[in-house]
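# Examining the three-dimensional arrangement
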Amino acid sequence: MANKGEAGGAALRLEKVERHYGDGESRLSILTGASLVLSPGEVVALVAPSGAGKSTLLHIAGLLDKPDSGEVYIGGREAGSLTDAERTEMRRLHIGFVYQFHHLLPEFTALENVMMPQLIRGLDRKEAAARAEQLLAYMRLGERVKHRPSELSGGEQQRVAIARAVANAPHVLLADEPTGNLDPKTSRYVFEALTALVRASDVAALIVTHNMDLASKMDRRITLSGGKIVEV
Ligand SMILES: Nc1ncnc2c1ncn2[C@@H]1O[C@H](COP(=O)(O)OP(=O)(O)OP(=O)(O)O)[C@@H](O)[C@H]1O
């Protein structure tokens with residue numbers, strides 16, 4: 001299940017990233033030189049107060065937004081010099097996203113949802129189905145592959161979303177409150193499944209959470225202070 005990142009290299013590197021909103025008197029400096037290195041297989045919690053810039057950072061790391069200055073490297077490749085088409089391609093192949101709400105496609109089964117990113121990448125159906133089955137079995141959803149999202153519990157839906165996010169063996173998994181919508185027991189279960197899959201797949205995970213219990217179980221905890229990343 002290992003990904004194709006180069007040996008020993010960083011999965012994600014942010015170098016002195018700055019992001020400002022607005023101009024003149026109303027200018028807001030949200031990121032003022034944020035630097036971060038994530039290694040393959042590492043699970044890192046990003047814990048910071050509301051408005052500190054967590055989503056801004058995640059959007060930049062996920063190539064959904066561009067920094068005003070600084071660099072973003074995904075699997076060793078600098079993203080700033082890429083064309084829009086290349087950025088989209090890099091996002092599709094090398095970055096997985098998990099949100100608080102699963103965003104699964106309601107008319108497709110769990111298996112088809114996990115196959116989807118692989119089919120978009122051009123993999124044939126048989127290969128995509130085999131990998132999707134393997135991932136869902138890993139998430140202990142082997143008995144649920146033919147269920148549609150509405151036929152799954154909240155925790156099961158989130159586990160499908162996690163399997164889908166790593167289906168293309170990305171370098172980086174970015175998760176924004178992935179268990180924020182679940183009860184504490186289910187949260188822990190989903191988080192443990194996520195962590196096991198991320199480690200087995202050699203993906204680097206950056207997880208925004210307000211849940212200190214889960215944050216304490218991750219490899220590292222970081223926060224944003226004055227627009228910079230600080231280890232907690
Ligand atoms: N497009 C934008 N234009 C102007 N200001 C913005 C924009 N996006 C975010 N901001 C501001 O930047 C700050 C950081 O926002 P961001 O969403 O990154 O914070 P956050 O840490 O994710 O917060 P939360 O935990 O509440 O989601 C906030 O004050 C927000 O109002």
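The structure displayed is predicted, hence computed values, not measured ones.

### Brief notes about the overall build of the protein chain
Along the backbone of the protein chain there are seven helices and 10 strands. Whereas a compact globule of 232 residues would reach a radius of gyration of roughly 17 Å, the protein chain reaches 17 Å, a difference of no more than 12%. Each principal axis of the C-alpha atoms in the protein chain carries an extent, and together these give about 55 × 40 × 35 Å. Counting over 232 residues, the protein chain shows a buried share of 50%. Counting only contacts in the protein chain whose residues sit at least 6 apart along the sequence, the fraction spanning at least 24 positions is 73%. Working note: accessible area of the protein chain is about 10800 Å², and carbon and sulfur atoms make up 51% of it. Averaging the positions of the 28 positive and the 29 negative side-chain charges in the protein chain gives two centres separated by 3 Å.

### Examining the pattern of salt bridges
Inspection of the entire model under this criterion finds 11 salt bridges. In this structure, the salt-bridge partner of Glu42 is Arg220, at a minimum N-O distance of 2.9 Å. Highlighted residues: Glu42 in the loop between strand 2 (28-38) and strand 3 (43-46) and Arg220 in strand 9 (residues 220-225), separated in sequence by 178 residues. Under the relative-accessibility criterion, Arg220 is labelled buried at 18%. Residue Arg92 pairs with Glu89 through a salt bridge whose shortest N-O separation is 2.6 Å. Of the two residues, Arg92 and Glu89 both sit in helix 2 (residues 84-94), three residues apart, roughly one turn of that helix. Through salt bridges that share partners, Arg19, Asp65 and Asp68 make up one connected network.

Criteria and thresholds
Residues numbered from 1 in each chain as written. Predicted model: local features only at pLDDT ≥ 70, side-chain atom pairs only at ≥ 80, totals over all residues. Heavy atoms only, no water. Helix = DSSP H or I, 4+ residues; strand = E, 2+ residues; numbered from the N terminus. Rg over C-alpha atoms; globule rule 2.2 N^0.38 Å. Buried < 20%, exposed > 50% of the residue type's maximum accessible area, 1.4 Å probe, protein only. Contact = heavy atoms within 4.5 Å. Areas by Shrake-Rupley, 256 points an atom, 1.4 Å probe, with all protein chains shown as cover. Lys, Arg positive; Asp, Glu negative; His and termini not counted. Charge placed at Lys NZ, Arg CZ, Asp CG, Glu CD. Salt bridge = Lys/Arg side-chain N within 4 Å of Asp/Glu carboxyl O.

No statement about biological role is implied by the geometric values presented.
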